[in-house]
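Examining the three-dimensional arrangement
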Amino acid sequence: MSDKQQNQEDKFLAPENRKHTVIGPEGEEIHVDPLNDYFCQDLPKVEAPYKGVLEKFLNWARSESLWVLAYGTGCGSIELPPLFSPRFDAYRFGVMMRPTPRQSGVLIISGYLAVKTLKRVIRSYEQMQNPKYVIALGSCTINGGMYWDSYNTINRLDHYLPVDVYIAGCMPRPEAILSGFNKLKERIKSGNAEGANEYVENLEWYRTNQKKVIKDWNMPPYNW
Amino acid sequence: MNIFLKIVFVLLGLFIVLNWGLIMTGIIRKIMARAGMRRGIKVYQPYINLIKNYSIRSQLTHGVMFYLGPVFRLSGGVGIFLFMPLIFGSDYWSNFSFTGDLILISYFMFFGMLGMALGAGEGGHPYSGIGISRGLAQFTAIEVPFSLAVIALAIQYHTLSISEIVAAQQGGIMHWTLFTNPLATIAAMLSFLGAMGHSPFNVVMAPQENPIGPPTEYHGTFLGVLQTNRAILHVVEAVLYMNLFFGGAGNWGVLILKSFLIYFWAVFVGMVFPRFRVDQSIPWLLKIPLVFGILAIVLLMIK
Amino acid sequence: MKDIIDHLKKRFPVYEIGEGPNGVIFMSVEAAKLVPMLTSLKANHGYGILVILSAVDWLEEYKFQLTYIVNNPEEKSDLGIRVFIKREDATMDSVHRLWEHAATFQREIKEMFGINFPGSPRVDEPFLLEGWDNLPPMRRDFDTKQYSEDTYFPRPGRETNDPAEYMKQKLYPDE
């Protein structure tokens, strides 16, 4: 990374994340470089899937048990609680809401993405483990939707994150979301849903797009 | 008996108990869903969750201590199983039980929670410490009435071996500890609610409380091991209670039926009551079940 | 209501008193006398609730207008006060010592319009737009559509579906 880029990114670092010196309990000086000491600087690798019947079986298991990160990014997340009420009951499809990105496999981007939310979504997405899938709800993720000429919302989601299934509507009804889940299941079973590997392969391109809109980038090279 | 044959039967028993635990979890969740007027999950859904968790492709670790959480939990669950006589009167299915195994099993019940504390503290989550201290404090309060009930049983039957306690309960329903020592049974059954991790004592393990609880950073294979342990632990704890208070089992059918009904008691209470906060549950646990336990011991002393 | 307005007309330089929507009386006052007038309204006449503080950009006349709406909960009446300030280096006195939540309104106006309120707590921190380095976006000389087309990728094919254009192209393709 060039010096000018480094200085620009350092401008937004929190003060406790810059290099500083700490005085120990016996008066000795300890030089701390938090970015290198506390954060892992490796980039992720492409995890190739298995072949043949084993991968088919594992894909069937992954599709029948979809754990969704309970994160309502936009206004479409008001259609998610009705999904778990007795009328539409998404539990029988294997869909469950989990509170942490470590344990979930699906991220639902519901509606418009402001730039502020995009930074947090990137952080959550990169903390999820391979294999992971993204469902994009609503027309704001397809081409900007109602907020196409806004100064603060992004227009095309697939330039920032790899998307598996788009569900059109403003907002899609719970029946539409259930049919979207079925489409995601078919895609997983056919072996095409390798969004995590695509993200790792094209990380440079995604990062360029993300850094173009997120002007106060203060996150590590990859958010493990 | 030949040691190798014994090991084969132990592994076979573990396999049966694991499968029964996973299916029982599925059936219980289905019943809970139907009580809430939903269709409910598939009965074999816990298997699919396990396969999905074990087949994760990339995984993180936070250091060596991070592995200890699930490993200690699983060793706690399997440890209880190894020393538990399953079927009364059968030399094949008695695992490695010996005289005095009641104390060892009580130790193993607490052992798993301690391992969870070590692992979750290493997890890198800044508020895991709060979750762990809540969980351990509540679990200590749960163990107190159970220990009092165990002491009452030991005084009553003059033995610490589970096989002999089961043997003393044969000969009809009226010989069960449920009817010969009802106070100890009530104390133990009330502490059973807490040990199963259902409402009203599930502040540690509930998904909504997850971000501040122990299993936040555990994913993939770690979570698979935790889930496997949970399936085994539910069944063997129900079998322990069955052996101590409800007369033991003569064959596998009776074991499956009784363990289901005992576990159902925890679910039955859990469906109706909301969750306790820890500062409400510990005073309750140290009031009512403790009084029953102390009364049980005092009555036996008087006799 | 009438005697409050007479009272205010005697003490402060108010002008342009008129009736706005929903029967709320709006008046304009000079910028230097705004804070004494709001203090007097809050302390003496019972207008203790600041409902909203917002800004309007009069680009043609090259000034900003700030609107304060205060509410009297006992008599259930609203009063709207307008202030005009110049557009370059726009600054205004802060009212956060009268109403604490005015600090949030002022922070938002500073970010969206560029009007500075010196002394208001946390007025320089970004509110909604983190790392913004362009014109304050609510000003009328900031072209939102152009900015959106430059920064975010517009999906090609967002064309008009005007039926007249469509028929014209279909029937007379050469013109």
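Cut-off values and rules
Residues numbered from 1 in each chain as written. Chains lettered and ligands numbered in written order. Predicted model: local features only at pLDDT ≥ 70, side-chain atom pairs only at ≥ 80, totals over all residues. Helix = DSSP H or I, 4+ residues; strand = E, 2+ residues; numbered from the N terminus. Buried ≥ 20, exposed ≤ 12 C-beta atoms within 10 Å, placed from the backbone. Contact = placed C-beta atoms within 7 Å. Core = buried A, V, L, I, M, F, W, Y, C linked by C-beta atoms within 7 Å. Axes fitted to C-alpha atoms, helices over the stretch in contact; angles between N-to-C directions. Parallel < 35°, antiparallel > 145°, perpendicular 65-115°, else oblique. Nonpolar A, V, L, I, M, F, W, Y, C, P; charged D, E, K, R; others polar. Pairing = 2+ DSSP bridges. Expected span 1.5 Å × (residues − 1). Arc of directions from axis to C-beta. pLDDT = per-residue confidence, 0-100.

Let us look at the overall build of chain C. Secondary structure assignment for chain C yields five helices and five strands. When the elements of chain C are put in sequence order from the N terminus, they spell out α-β-β-α-β-β-β-α-α-α. Taking the principal axes of the C-alpha coordinates as reference, chain C spans close to 75 × 35 × 30 Å. By residue count, 20% of the 175 residues in chain C fall in the buried class. Of all intrachain contacts in chain C linking residues separated by at least 6 positions in sequence, the fraction that spans at least 24 positions is 46%.

This part is about the overall build of chain B. When helices and strands are tallied, chain B shows 12 helices and zero strands. Listing every helix and strand of chain B by position from the N terminus yields α-α-α-α-α-α-α-α-α-α-α-α. If you line up chain B on its principal axes, its C-alpha atoms span 60 × 50 × 45 Å. Going through the 303 residues of chain B one by one, you find that 45% of them count as buried. Of all intrachain contacts in chain B linking residues separated by at least 6 positions in sequence, the fraction that spans at least 24 positions is 78%.

A separate point is unusual backbone geometry. Most peptide bonds adopt trans geometry, and most residues besides glycine take a negative phi value. Note the cis peptide between A:N130 and A:P131, where omega equals -5°. With respect to the helices and strands, the residue A:P131 is situated in the loop between α4 (115-127) and β6 (133-137). Of note, the amide linkage connecting A:C170 to A:M171 takes the cis form, showing an omega dihedral of -10°. Mapping A:M171 onto the fold places it in the loop between β7 (165-167) and α6 (174-189). With a phi angle near 60°, C:Y62 is a residue other than glycine that sits in the positive phi range.

Here we take up the nonpolar core. Judged by nonpolar contacts, the single largest core of 69 residues is most densely connected at B:M84, B:A149, B:A187, B:A188, B:V236, B:V239 and B:Y241. Examining the composition of this core, we find that 12 residues originate from one element, helix α9 (residues 220-245) of chain B, more than from any other. When near neighbours in sequence (up to four residues on either side) are disregarded, B:M84 contacts B:N95, B:S97, B:I105, B:I162, B:V236, B:V239 and B:L240. The next biggest cluster of nonpolar side chains, apart from the first, holds 44 residues, and it includes A:L69, A:Y112, A:L113 and A:V121.

Right, let's get into the packing of α9(B) against helix α10 (residues 252-272) of chain B. All names here are of chain B. Where α9 contacts α10, the two axes come as close as 9 Å, and the packing angle between them is 100°. Comparing their axes, α10 and α9 come out roughly perpendicular. Contacts from H234, V235, A238, V239, Y241 and M242 in α9 reach L255, K258, S259, I262 and Y263 in α10. Its residues assigned to classes, the contact of α9 with α10 comprises eight nonpolar, two polar and one charged.

Our next topic: the interface of chain B and chain A. Contact with chain B, which involves 26 residues of that partner, is made by 21 residues of chain A. Counting residues per element, the ones that place at least two in the side of chain B that touches chain A are α2 (45-54) and α9 of chain B. In terms of residues, the side of chain B that touches chain A owes the most to one element, α2(B), which gives five residues. Of the residues that constitute the side of chain B that touches chain A, the class distribution is 10 nonpolar, 11 polar and five charged.

So, on to the arrangement of the chains. There are two pairs of chains in contact here, and the one with the most contacts is chains A and B. A gap remains between chain B and chain C, with no contact made and the closest C-alpha atoms lying 26 Å from each other.

Our next topic: the interface of chain A and chain C. On the side of chain C, 16 residues touch chain A, which itself brings 15 residues to the contact. Residue composition of the side of chain A that touches chain C, by class: four nonpolar, five polar and six charged.

Residue and element names in this part refer to chain C. As defined by bridge partners, strand β3 (residues 49-58) adjoins strand β4 (residues 63-72) across nine bridges and the pair is classed as antiparallel. In the strand pairing of β4, I52 is matched with I69. Linking β3 back to β4 in an antiparallel pair, the connection comprises four residues, with Y62 at a positive phi of about 60°. Relative to strand β5 (residues 77-86), β4 runs antiparallel, the two being bridged by 10 bridges. Paired with T67 across the strands is R82, a residue of β5.

Moving on, we get to the sheet that holds strand β2 (residues 25-29) of chain C. Residue and element names in this part refer to chain C. One open sheet accounts for five strands, arranged β1-β2-β5-β4-β3; its pairing is mixed. Each edge of the sheet is formed by a strand with only one pairing partner; in this case those strands are β1 (14-19) and β3. In this sheet, neighbouring strand axes are inclined to one another by 20° on average, regardless of whether the strands run parallel or antiparallel. Examined bridge by bridge, β1 and β2 share four bridges and lie antiparallel to one another. The residue bridging Y15 from the neighbouring strand is S28, located in β2.

Turning to helix α5 (residues 128-157) of chain B, a few remarks are in order. Structural remark: α-helix, 3.6 residues per turn; residues separated by three or four positions point the same way. Between its first and last C-alpha atoms α5(B) spans 43 Å; for 30 residues at 1.5 Å apiece the expected length is 44 Å, and the two agree. Of the residues one or two after α5(B), B:H158 is the one with positive phi, at around 60°.

In this section: the environment of B:G171. Residue and element names in this part refer to chain B. Note that G171 resides in the loop between α6 (162-168) and α7 (177-180). Owing to 10 C-beta atoms within 10 Å, G171 belongs among the exposed residues under this scheme. For the pair G171 and G247, spaced 76 residues apart in the sequence, the C-alpha separation amounts to 9.2 Å.

This brings us to the packing of helix α4 (residues 101-121) of chain B against α5(B). All names here are of chain B. Look at α4 against α5: their axes get within 9 Å of each other, and the N-to-C directions meet at 175°. As judged from the angle between their axes, α4 and α5 are roughly antiparallel. Touching L102, S106, F110, M113, A117, A120 and G121 of α4 are S128, G129, G131, I132, G135, L136, F139, E143, S147 and V150, all from α5. Here the residues of the contact of α4 with α5 are counted per class, giving nine nonpolar, seven polar and one charged.

When α2(B) is considered as a whole, its buried residues turn out to be B:Q45, B:P46, B:N49, B:L50, B:K52 and B:N53. For α2(B), the buried positions fall inside an angular range of 165° around the axis, keeping them on one side. Considering only its buried residues, α2(B) is in contact with α3 (53-64) of chain A together with α1 (3-35) and α9 of chain B.

Here the focus is the environment of C:Y152. Summarising the element assignment, C:Y152 is placed in the loop between α4 (144-151) and α5 (163-171). Along the sequence, C:Y152 and C:V35 sit 117 residues apart, while their C-alpha atoms lie 42 Å from each other.

Moving on, we come to the pairing of β1(C). The buried fraction of β1(C) is low, at zero of six residues. From the end of β1(C) to the start of β2(C), which pair antiparallel, there are five residues, and C:N22 there has a positive phi angle of about 60°.

Further remarks concern the environment of B:L11. By secondary structure assignment, the location of B:L11 is in helix α1. Placed 52 residues apart in sequence, B:L11 and B:G63 show a C-alpha to C-alpha distance of 31 Å.

Let's shift gears to the confidence of the model for chain C. When pLDDT is averaged along chain C, the result is 87, and 97% of the positions lie at 70 or above. Here the predicted complex scores 0.86 on pTM and 0.85 on ipTM.

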